Each structure stands twice: as structure tokens, then as C-alpha cells.
Amino acid sequence: MVSGIDEVYRMKVIHLQAKKLLLGIAEETLVMGQKERSETVDEALLFAARYGNVDFLVEMIKNNSDLIWSGRTIMNSSLFLLAVEFRQGKVFSLIYGLDDMKHLLLTDKDVNANGVLHLAGYHSPPSNFSDAIGAILQLQRELQWFKEVERIAPELEKERVNTEEQTPGEIFIKEHEALRKEAEKWMKDTAMSCSLVAALIVTVTFAAVFTVPGGTDDEARGKPFHQKDRQFITFVVSNLISCFASCTSVLIFLGILTSRYSFDDFLVSLPRRMIAGLSILFVSIAAMLIAFSSALFTMFDNTNWIVPPTILLACFPASLFVLLQYPLLKEMIFSTYGNGIFDRNMKRWFQTPNVKFDDLRSV
């Protein structure tokens with residue numbers, strides 16, 4: 001306990017010392033010349049933008065507002081161009097905490113006349129996909145970046161061409177066509193496999209309705225003998241749930257298989273269908289296992305030893321399905337319905353000094 005408190009205290013002291021050092025460095029930049037600053041501070045800021053060091057960027061720019069234009073003179077790039085190129089979402093989210101200055105920053109170009117939207121159209125560095133599962137999530141993340149930059153960028157950026165006479169949209173399609181085909185194949189294979197399982201469950205549960213456990217009374221016009229038993233009622237309800245859920249999942253997977261598979265479909269439509277299909281399929285499997293267990297309990301009403309092994313064995317396939325599909329389902333849910341890559345609600349952290357617009361253009 002004591003060692004834990006000491007460790008927290010030590011980390012707090014280190015953080016305060018680092019912040020004090022950072023403030024000192026920021027104050028020193030105020031007395032530097034343009035050339036000296038470009039060779040040291042600007043390069044450090046661009047490095048921080050490339051690797052996502054948000055705290056360093058914020059503290060430095062707050063203490064010296066000129067640093068927000070870093071990179072324009074030494075390599076014809078900027079902090080936010082690098083943030084988009086290397087997919088640093090936290091760094092790019094700083095743009096939401098700016099005033100109207102952000103519109104000027106979003107018109108920057110690199111040495112190849114690529115604007116911020118052009119860079120969003122290029123493929124991400126491979127390291128950015130280390131935590132993404134499958135081609136579908138990779139393509140979805142790329143689309144999220146492109147659509148968000150497209151939403152916030154000036155309207156003219158959408159049709160601007162670079163030195164190779166390519167618009168941002170043309171770059172995105174060219175760079176991601178192979179990934180789209182890979183994602184399409186993965187989606188079709190997954191939907192086909194799951195639809196076969198769901199169809200099999202439909203067949204089994206549909207037949208189970210007409211072969212109820214315990215049999216039927218022919219003298220009572222085919223009524224089940226155990227129709228008032230609690231186990232039998234559980235069997236009927238769970239069997240119906242399983243049958244209807246599997247029918248629903250088959251239709252959802254059929255919708256996936258017949259989709260157009262355009263780029264926009266991979267942003268929300270296809271992931272949402274896959275989430276619904278897998279979730280409903282799990283409900284169908286779980287309900288089918290409950291129905292099977294209830295049928296055994298109905299048939300062996302006075303045999304207590306059958307209960308524990310039945311419950312244990314019934315839980316095994318359901319648990320196995322969760323263990324195998326949960327990582328994919330979790331990532332897909334967070335990627336589609338989560339908070340997203342960007343912090344659009346970022347508070348104002350920087351205020352443009354009172355200078356003329358021409359002065360900003362000449363920085």
C-alpha cells in the first residue's frame with residue numbers, strides 16, 4: 001500500500017517537473033529568431049504532431065502563439081497536415097478548440113500540393129492498424145477519417161487537385177480499392193457462414209414444434225401431455241424465440257450478401273448489419289440450448305441427476321460462441337457506435353491574437 005502511494009507521489013512530482021521544464025522551454029522560444037526557432041522548436045513540434053504528443057503541443061502553443069504555424073517555412077507542412085497524414089486523432093482534435101483560425105490552417109498544402117483532405121485520402125501507416133481487427137474495421141476507420149476531414153475542411157478542398165492532378169476523392173478510391181475488395185470478401189464469407197448456421201437452427205426449431213417432448217394426447221385433439229408444466233412452457237417460449245431470431249438473422253445476413261459494397265456502405269450500414277446479425281444469432285443459439293435443456297427436464301421430470309450436466313453442457317457452446325466472436329463484435333460496436341476518433345466537443349484552448357489577416361498569411 002505504501003509503495004503504491006510512493007509511486008503515485010513520484011509520478012506526480014515527475015509530471016510537475018516536466019511541466020515546469022516545458023514552460024521554461026516555451027518562454028525561451030519567445031526570444032529566439034526565426035531561423036533558430038525553425039531549426040529547433042519547429043522541428044520538435046512537428047515531431048510531436050507526428051507521434052501524438054498533445055500535451056507538448058498545447059503548452060508550447062499557449063505560451064507562444066506563433067508556434068501554431070510551425071512547419072510552414074521549413075518543410076512546407078503544418079501540424080495538422082502531419083496529424084492527418086499519420087492519423088493522430090488527438091492532435092487533429094485540437095482543431096475543434098480553435099476559433100475561425102482553423103479555416104486558414106485547413107487550407108495548408110505540402111510540397112506536392114496535397115491539402116488536408118488529400119492526405120486523409122492516402123492509406124494510413126501500417127502501424128495504425130495494429131489494434132484493428134480485420135479489413136472491415138480498417139476500411140471503416142479510414143472512411144471515418146476521410147469523412148470527418150471532409151466535413152470540417154473548406155468546400156474548395158474537395159475539388160482541389162495536387163501536383164498529379166488528383167482530387168481527394170480520386171486518391172481515396174485508388175488507395176483503398178484493394179482494401180475494399182478484401183473487406184467485401186471477409187464480409188461475404190462471414191455472412192455466408194453465419195446464415196448457414198442460422199438456417200440450420202430454423203430447421204431444427206421448426207421441427208421441434210411438431211415433436212414436443214412427452215408426446216401428445218390423440219384423444220384430446222393432439223394437445224401435449226405436459227402443456228401445463230413449467231419446463232414445457234419454457235421449452236415452447238425459448239423454441240419460438242430461437243426460431244424467430246434465427247429467421248431474422250438469416251434475413252439480415254441475406255441483406256449483407258446482396259449489398260452493393262460501395263465505400264459508403266462500409267462506414268455504417270454494413271457494420272451495423274453485421275452487429276445485428278451476430279447479436280441476434282447469439283440470442284437464437286442461447287434460446288435453442290434453453291429449449292433443448294427444457295425438453296430434457298420435461299422428459300426426465302423426476303430425475304435430478306440430469307440437471308447439472310445438462311446445464312453445464314448447454315453453457316459450453318454458448319460460451320464458446322461468445323469467446324470466439326466477442327472480440328470482433330466489441331471492436332465493431334465501439335468503432336460504429338462509440339465516441340469515435342475525434343473530440344468534437346473540445347473546449348476552446350487557443351485564442352488568435354489581435355493581428356491582421358495579412359500578417360497571418362505571411363507567417
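Here, every reference points to the structure presented above.
So, a few notes on the structure that sits alongside this text. (Residues numbered from 1 in each chain as written. Predicted model: local features only at pLDDT ≥ 70, side-chain atom pairs only at ≥ 80, totals over all residues. Heavy atoms only, no water.)

### Here we look at the overall build of the protein
A tally of helices and strands in the protein yields 14 helices and two strands. Out of the 363 residues in the protein, the part that is buried amounts to 43%. Taking contacts inside the protein between residues at least 6 apart in sequence as the whole, the part at least 24 apart equals 78%. Within the structure as shown, the protein displays about 20500 Å² of accessible surface, and the carbon and sulfur contribution to it stands at 60%. (Helix = DSSP H or I, 4+ residues; strand = E, 2+ residues; numbered from the N terminus. Buried < 20%, exposed > 50% of the residue type's maximum accessible area, 1.4 Å probe, protein only. Contact = heavy atoms within 4.5 Å. Areas by Shrake-Rupley, 256 points an atom, 1.4 Å probe, with all protein chains shown as cover.)

### Details of the environment of cysteine 243
On the secondary structure map, cysteine 243 appears in helix 11 (residues 230–257). Along the sequence, cysteine 243 and alanine 199 sit 44 residues apart, while their C-alpha atoms lie 9.4 Å from each other. In this view, cysteine 243 contacts Val202, Thr205 and Phe206; residues no more than four positions away in its chain are not counted.

### Remarks on the pattern of salt bridges
For the structure on display, the rule yields 12 salt bridges. Between arginine 180 and glutamate 177 there is a salt bridge, and its shortest N-O distance comes to 3.0 Å. Here arginine 180 and its partner glutamate 177 are both found in helix 10 (residues 168–209), three residues apart, which amounts to about one turn of the helix. Note on arginine 180: relative accessible area 13%, which makes it buried. Look at the salt bridges and you will find they share partners, linking Glu177, Arg180, Glu184 and Lys188 into a network. (Salt bridge = Lys/Arg side-chain N within 4 Å of Asp/Glu carboxyl O.)

### Some thoughts on the packing of helix 10 against helix 12 (residues 269–299)
Here helix 10 crosses helix 12 at 30°, and the two axes come no closer than 11 Å. As summarised for this structure, helix 10 and helix 12 are arranged roughly parallel, according to the angle between their axes. Relative to helix 12, helix 10 is oriented so that their crossing is left-handed. Contacts between helix 10 and helix 12 pair Met187, Thr190, Ala191, Cys194, Val197, Ala198, Ile201 and Thr205 from the former with Leu270, Met274, Leu278, Leu281, Ser284, Ile285 and Met288 from the latter. Broken down by class, the residue content of the contact of helix 10 with helix 12 amounts to 12 nonpolar, three polar and no charged. (Axes fitted to C-alpha atoms, helices over the stretch in contact; angles between N-to-C directions. Parallel < 35°, antiparallel > 145°, perpendicular 65-115°, else oblique. Left-handed = near helix turned anticlockwise from the far one by under 90°. Nonpolar A, V, L, I, M, F, W, Y, C, P; charged D, E, K, R; others polar.)

### Comments concerning the nonpolar core
Counting residues in hydrophobic clusters, the biggest one holds 75 residues, and the most contacted among them are Phe92, Ile95 and Leu98. Not counting residues up to four positions away in its chain, the partners in contact with isoleucine 95 are Phe80, Lys102, Leu105, Leu106 and Ile152. In terms of nonpolar packing, the next biggest core, distinct from the first, is built from five residues, Phe232, Phe235, Ala291 and Ala295 among them. (Core = buried A, V, L, I, M, F, W, Y, C linked by side-chain atoms within 4.5 Å.)

### Overview of helix 3 (residues 41–51)
Listing the buried residues of helix 3 in full gives Val41, Asp42, Leu45, Leu46, Ala48 and Ala49. Considered in projection along helix 3, the buried side chains sweep an arc of 155° and stay on one side of the axis. Of the exposed residues in helix 3, those oriented more than 90 degrees away from the buried face are Glu43, Phe47 and Tyr51. One or two steps after helix 3, the chain reaches glycine 52, where phi turns positive at roughly 80°. (Arc of directions from axis to C-beta.)

### Some thoughts on helix 11
Taking 1.5 Å per residue as the helical rise, helix 11 with its 28 residues ought to reach 40 Å, and the 40 Å between its terminal C-alpha atoms agrees with that figure. Of all the positions in helix 11, only Phe232, Phe235, Ser238, Asn239, Ser242, Cys243, Ala245, Ser246, Ser249, Ile252, Phe253 and Ile256 are classed as buried. (Expected span 1.5 Å × (residues − 1).)

### Some remarks on the environment of leucine 94
Note on placement: leucine 94 falls in the loop between helix 6 (89–92) and helix 7 (101–105). C-alpha separation for the pair leucine 94 and methionine 346, spaced 252 residues apart in sequence, amounts to 7.3 Å. Setting aside residues no more than four positions away along its own chain, leucine 94 makes contact with Val54, Leu57, Val58, Phe80, Met346 and Trp349.

### Describing a nonpolar patch on the surface
A cluster of nonpolar side chains, namely Phe206, Val209, Phe210, Leu240 and Phe244, defines an oily patch on the protein surface of about 550 Å² accessible area. For phenylalanine 210, the location among the structural elements is in the loop between helix 10 and strand 1 (216–217). Phenylalanine 210 gets classed as exposed once you look at its relative accessible area, which sits at 62%. (Patch = residues over 30% accessible without salt bridge, like charges linked within 9 Å, V, L, I, M, F, W, Y side chains within 5 Å.)

### Side note on the packing of aromatic side chains
Note on aromatic pairs: each is described by the distance of the centres and the angle between the planes. One pass over the structure, following the stated rule, counts nine aromatic pairs. Ring centres of tryptophan 145 and phenylalanine 342 lie 4.7 Å apart, and the angle between their planes is 80°; on these two criteria the pair is classed as edge-to-face. Here tryptophan 145 is found in helix 9 (residues 134–152), whereas its partner phenylalanine 342 is found in the loop between helix 13 (307–337) and helix 14 (357–361), with 197 residues between them in sequence. Classification of tryptophan 145 as buried rests on a relative accessible area of 2%. Between phenylalanine 282 and phenylalanine 321, the aromatic rings sit 5.9 Å apart at their centres with planes inclined by 15°, giving stacked as the arrangement. You can see phenylalanine 282 sitting in helix 12 and its partner phenylalanine 321 sitting in helix 13, a full 39 residues away along the chain. Relative accessible area serves as the criterion here: at 30%, phenylalanine 282 is assigned to the partly exposed category. We classify phenylalanine 321 as buried; its relative accessible area is 17%. One aromatic cluster in this structure is built from Phe92, Tyr96, Trp145 and Phe342. Taking the ring centre of tryptophan 145 as reference, the NZ or CZ of arginine 87 above it sits at 5.7 Å. (Phe/Tyr/Trp six-rings, centres within 6.5 Å; stacked < 30°, edge-to-face > 60°. Lys NZ or Arg CZ within 6 Å of the ring centre and 35° of its normal.)

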